[in-house]
Amino acid sequence: MTGTGAVRTGPPGALARLPGRVPPLVVDAALAAALFLLTLGPGRVADGTGFALQTALVLPLVWRRRAPRSAFGVTAAAAFAQWLLGVQLPADAALLVALGTVTARAPYRSAWAAGLVAVAGAVLAAARWAPEGRFLASAAAMTAAVAASALLGANARIRRAARAERLARLERDRDERERRAVEEERARIARELHDSVTHGLSVVVALADALGHARPTDASAVTARIAETGRQALTDMRRALGLLQDAGPDAGPDAGPGDDRRSPPGIGQLGALCERMEAAGLVTRLRVEGEPAGVPAAAQLTVHRLVQESLTNVLRHAPQGARAEVRVSCAPGAVTVEVTDDGRAGGTGRTGSAGSGLGLTGMRERAAAFGGVLEAGPRPGDGWRVFVRLDPGGAP
């Protein structure tokens, strides 16, 4: 794994990285060669028979990891042949290495069987080569060596299983993080689409209704507003879907003059938003306090969407003649947003559509992303109020 999720499973340094670079077969061949040379010498291997037994004891260690049971079986058979011929060789230590490998890598039944064979070999070796009167001591010492080899192999098995479990857990955690990231991205896109499409269609419906009552001299202006609102909704929708990453300012026929599709809307675009609401018939007053330039772009987008959804709800649910007021206050470390209206909430409003509740849910999720809690409810008397305080520095 790479990046912030990287895990170091060993100490740093070239020596720690060396075993991971050398193939296991090379390591095992080097071990077999070293054991062969260390146990080879005058008085140890007297003739060709001893040399052959020496080779048969050590050579299987080369494939001990690929086929641990076969390697142990060949080594045990060579040791038994050595016992039958009465040739005592120090290379018998290869049997302990093979036993540890079986205990570490083979199934438990094979490990138990190999352990019993090794204990039996230790008893037979003590019976044949132990000094007179030292049988029990020799048998106990060799049995202890067999037990130590088996325990080392079992410990290696446990550590390998724990390492595999740890890696599997890391993989599961990574997959879970990726799954949550995908879900969060889908939810973000859904909120963007809901906000942009609902707002655009609500304004278009209101303008279309106004077009039916407009004077002929005003009809062209209302039609232009409808087209402009539709283009803006398309732009927001495409941005939400991430389809404009490689598109330029003149990416398509829907791009109007000065249309910057690469920059998400922020506090600076609230004036244009309120103008669109005015054109749709909702008298809107905007007041921005403080310096918006110090607010991060992501927080500005959240402010814009909160105001947009709030005004869209007023347009959809408040009766004709309702007035809305937007207050945005930018202070160091905090941004407050308040949208109020003097209409009656709960109806279908001028657009003739009832609310689904998704708008408020999306607004709460947007506010929570910046450590804010949305307050939305009726005002004393008539009207509705939406208030939220954001912490731009608290975004994840």
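What counts, and where the lines are drawn
Residues numbered from 1 in each chain as written. Predicted model: local features only at pLDDT ≥ 70, side-chain atom pairs only at ≥ 80, totals over all residues. Heavy atoms only, no water. Helix = DSSP H or I, 4+ residues; strand = E, 2+ residues; numbered from the N terminus. Contact = heavy atoms within 4.5 Å. Areas by Shrake-Rupley, 256 points an atom, 1.4 Å probe, with all protein chains shown as cover. Expected span 1.5 Å × (residues − 1). Buried < 20%, exposed > 50% of the residue type's maximum accessible area, 1.4 Å probe, protein only. Arc of directions from axis to C-beta. Patch = residues over 30% accessible without salt bridge, like charges linked within 9 Å, V, L, I, M, F, W, Y side chains within 5 Å. Salt bridge = Lys/Arg side-chain N within 4 Å of Asp/Glu carboxyl O. Pairing = 2+ DSSP bridges. Axes fitted to C-alpha atoms, helices over the stretch in contact; angles between N-to-C directions. Polar contact = N/O pair within 3.5 Å; in protein donor to acceptor, adjacent residues only side chain to side chain. Core = buried A, V, L, I, M, F, W, Y, C linked by side-chain atoms within 4.5 Å. Lys, Arg positive; Asp, Glu negative; His and termini not counted. Charge placed at Lys NZ, Arg CZ, Asp CG, Glu CD.

Student: Sorry if this is basic, but what is going on with the overall build of the protein here?
Tutor: Each helix and strand counted, the protein has 11 helices and five strands in total. Restricting the contact set of the protein to residue pairs at least 6 apart, pairs at least 24 apart contribute 69%. Carbon and sulfur atoms make up 60% of the accessible area of the protein, which amounts to about 22000 Å² in all.

Student: Help me understand helix 2 (residues 24-38), please; the structure alone is not making it clear to me.
Tutor: Side chains that are three or four residues apart share a direction in an α-helix, a result of its 3.6 residues per turn. The end-to-end C-alpha distance of helix 2, which contains 15 residues, comes to 21 Å, matching closely the 21 Å that a straight helix rising 1.5 Å per residue would cover. Taken together, the buried positions of helix 2 are D28, A32, L35 and F36. The arc that holds the buried residues of helix 2, viewed along the axis, is 100 degrees, so those residues lie on one side. Exposed residues lying more than 90 degrees from the buried face of helix 2 are L37 and L38.

Student: Any chance you could explain a nonpolar patch on the surface here in plain terms?
Tutor: A contiguous nonpolar patch, built from F80, L84, L85 and L124 and spanning about 380 Å² of accessible area, is present on the exposed surface. No other element matches helix 4 (residues 68-85), which puts three residues into the nonpolar patch. Along the chain, the position of F80 falls in helix 4.

Student: Got a minute to help me understand the sheet that holds strand 2 (residues 323-331) in this structure?
Tutor: One key point about sheets: their strands pair by backbone hydrogen bonds, in either a parallel or an antiparallel sense. Strand order in the open sheet made by the five strands is 1-2-3-5-4, with mixed pairing throughout. Of all the strands in the sheet, just strand 1 (283-290) and strand 4 (375-378) have a single pairing partner and so form its edges. Neighbour to neighbour, the strand axes of the sheet diverge by 10 degrees on average, direction disregarded. Bridge count for strand 2 against strand 3 (residues 334-341) is eight bridges, and the pairing is antiparallel. Opposite E325, over in strand 3, you have T340 as the bridge partner. Strands strand 1 and strand 2 of the sheet are contacted by helix 9 (residues 270-279), whose axis makes an angle of about 170 degrees with strand 1. Each of strand 1, strand 2, strand 3 and strand 5 (384-390) touches helix 10 (residues 297-317); the most contacted strand, strand 3, lies at about 10 degrees to it.

Student: Looking at this structure, I do not really get the pattern of salt bridges. What am I missing?
Tutor: A pair can form between side chains of opposite charge whenever their charged atoms are brought close. Scanning all chains against the criterion turns up 14 salt bridges. Between E325 and R285 there is a salt bridge, with its nearest N and O atoms 4.0 Å apart. Of this pair, E325 sits in strand 2 while R285 sits in strand 1, placing them 40 residues apart in sequence. Judged by relative accessible area, which is 16%, E325 ranks as buried. Here the residues in one salt-bridge network are R285, R287, E325, R327, E338, E375 and R385, joined through shared partners.

Student: Which parts of the structure should I look at to understand the side chain of H304?
Tutor: Counting through the fold element by element, H304 comes out in helix 10. Of the polar contacts made by the side chain of H304, one reaches the backbone oxygen of G266; its length is 3.1 Å. Apart from residues lying up to four places away in sequence, H304 is in contact with P265, G266, Q269, L270 and L273.

Student: It is not clear to me how the nonpolar core should be interpreted in this structure. Could you clarify?
Tutor: Grouped burial of nonpolar side chains is what soluble globular proteins tend to show. By size, the foremost hydrophobic cluster in this structure holds 33 residues, and its most contacted members are V303, V307, L311, V328 and L390. Elements with a contribution of two residues or more to this core: helix 7 (135-213), helix 9, helix 10, strand 2, strand 3, helix 11 (358-368) and strand 5. With seven residues, the single largest contributor to this core is helix 10. Residues within four places of V328 in sequence aside, it is in contact with I267, L270, R287, V288, E289, V303, V335 and T336. By size, the runner-up hydrophobic cluster in this structure holds 24 residues, among which are A76, L89, A114 and A118.

Student: How should the pairing of strand 3 be read in this particular structure?
Tutor: Two faces belong to every sheet, and in a regular strand the side chains alternate between them. In terms of burial, strand 3 is a largely internal element, eight of the eight residues being buried. Covered by surrounding structure in strand 3 are A334, T336, E338 and T340 together with V335, V337, V339 and D341, the residues of both alternating faces. Between the end of strand 2 and the start of strand 3, which pair antiparallel, lie two residues, with G333 showing a positive phi angle near 85 degrees. Where strand 3 and strand 5 come together, seven bridges link them in antiparallel fashion. Within strand 5, the residue paired with V335 across the bridge is L390.

Student: Explain a positive patch on the surface to me, please; I cannot follow it from the model alone.
Tutor: A contiguous patch of positive charge on the surface is contributed by R159, R163, R166 and R169. You can see R163 is positioned in helix 7.

Student: Help me out: how do you make sense of helix 9 in this one?
Tutor: Those residues of helix 9 not exposed but buried are L270, L273, C274, R276 and M277. All buried residues of helix 9 lie within an arc of 155 degrees about the axis, which places them on one face of the element. Positive backbone phi, at 110 degrees, marks G281, one or two positions downstream of helix 9.

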